[in-house]
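Residue-level structure breakdown
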Amino acid sequence: MSWLFLFLGVAAEAMSHVALKETDGFTKPLASALVLLGHLAAFMFLGQAMKGMPIGIVHALWAGLAIITVTLLSAVIYRQHLDLTTWLGMGLVAIGIATINLSQGHNH
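Parameters at a glance
Residues numbered from 1 in each chain as written. Predicted model: local features only at pLDDT ≥ 70, side-chain atom pairs only at ≥ 80, totals over all residues. Heavy atoms only, no water. Helix = DSSP H or I, 4+ residues; strand = E, 2+ residues; numbered from the N terminus. Buried < 20%, exposed > 50% of the residue type's maximum accessible area, 1.4 Å probe, protein only. Contact = heavy atoms within 4.5 Å. Areas by Shrake-Rupley, 256 points an atom, 1.4 Å probe, with all protein chains shown as cover. Lys, Arg positive; Asp, Glu negative; His and termini not counted. Charge placed at Lys NZ, Arg CZ, Asp CG, Glu CD. Phe/Tyr/Trp six-rings, centres within 6.5 Å; stacked < 30°, edge-to-face > 60°. Axes fitted to C-alpha atoms, helices over the stretch in contact; angles between N-to-C directions. Parallel < 35°, antiparallel > 145°, perpendicular 65-115°, else oblique. Left-handed = near helix turned anticlockwise from the far one by under 90°. pLDDT = per-residue confidence, 0-100. Core = buried A, V, L, I, M, F, W, Y, C linked by side-chain atoms within 4.5 Å.

Topic: the overall build of the protein
For the protein, the count of helices and strands is four helices and zero strands. The secondary structure elements of the protein, listed N-terminal to C-terminal, are α-α-α-α. Taken along the three principal axes of its C-alpha coordinates, the protein extends 45 × 35 × 15 Å. A burial count over the protein gives 31% of its 108 residues as buried. The long-range fraction of contacts in the protein, counting pairs at least 24 apart against all pairs at least 6 apart in sequence, stands at 64%. Summed over its atoms, the accessible surface of the protein is roughly 6,700 Å², and 73% of this surface lies on carbon and sulfur atoms. Considering the protein, the positive charge centre built from 4 side chains and the negative charge centre built from 4 side chains are found 7 Å apart.

Pasting the structure below:
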């Protein structure tokens, strides 16, 4: 169940960050509410994920997966295309996530 909560936390965080652009400096109430609710949901899900996984692992996976998800969503929704070097960096983040997941230093 920890993995499910982790992925839900990533989804909530990514949705919140993508919606942040639409708040126009928190002057648009609906988008602003979506951002605040997304962050609240993300932390609630991450708290549940931490019941079965180490804090450092949850945080590293959450941060890395959220970076990748937000970048992909911003490319699709806002047409914010990144250069090859940036995508290489995203690939390194993904490799880091996979390395953490495959490590023998933690239990799921």
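That was the structure; now back to the text.
So, the packing of aromatic side chains
Going through the model one piece at a time under the given rule, you end up with three aromatic pairs. Between the aromatic rings of tryptophan 3 and phenylalanine 7, the centroid separation amounts to 5.7 Å while the plane-to-plane angle is 40°, which identifies the pairing as tilted. Placement of the pair is tryptophan 3 and phenylalanine 7 together in helix α1 (residues 2-20), with a separation of four residues, close to one helical turn. Ring plane angle 65° and centroid distance 5.8 Å describe the contact between phenylalanine 43 and tryptophan 62, whose orientation is recorded as edge-to-face. Within this pair, whereas phenylalanine 43 is found in helix α2 (residues 29-49), its partner tryptophan 62 is found in helix α3 (residues 55-77), the two being separated by 19 residues in sequence.

Concerning the packing of α1 against α3
With their axes 8 Å apart at the nearest point, α1 and α3 run at an angle of 45° to one another. In this view, α1 runs oblique relative to α3, as classed from their interaxial angle. Two packed elements cross with a definite hand, and for α1 against α3 that hand is right-handed. Contacts from Trp3, Leu6, Phe7, Gly9, Val10, Glu13, Ala14, His17 and Val18 of α1 reach α3 at Val58, Leu61, Trp62, Leu65, Ala66, Thr69, Val70, Leu73 and Ile77.

Comments concerning the confidence of the model for the protein
Summarising the model, the protein shows a mean pLDDT of 90, and 95% of its residues fall at 70 or more. Mean pLDDT across the elements of the protein bottoms out in helix α4 (residues 84-102) (84) and peaks in α2 (97).

Remarks on the nonpolar core
With 14 residues, the main nonpolar core has Leu6, Met53, Val58 and Leu61 as its most contacted residues. Breaking this core down by element, the ones donating at least two residues are α1, α2, α3 and α4. With six residues, α3 is the single largest residue contributor to this core.

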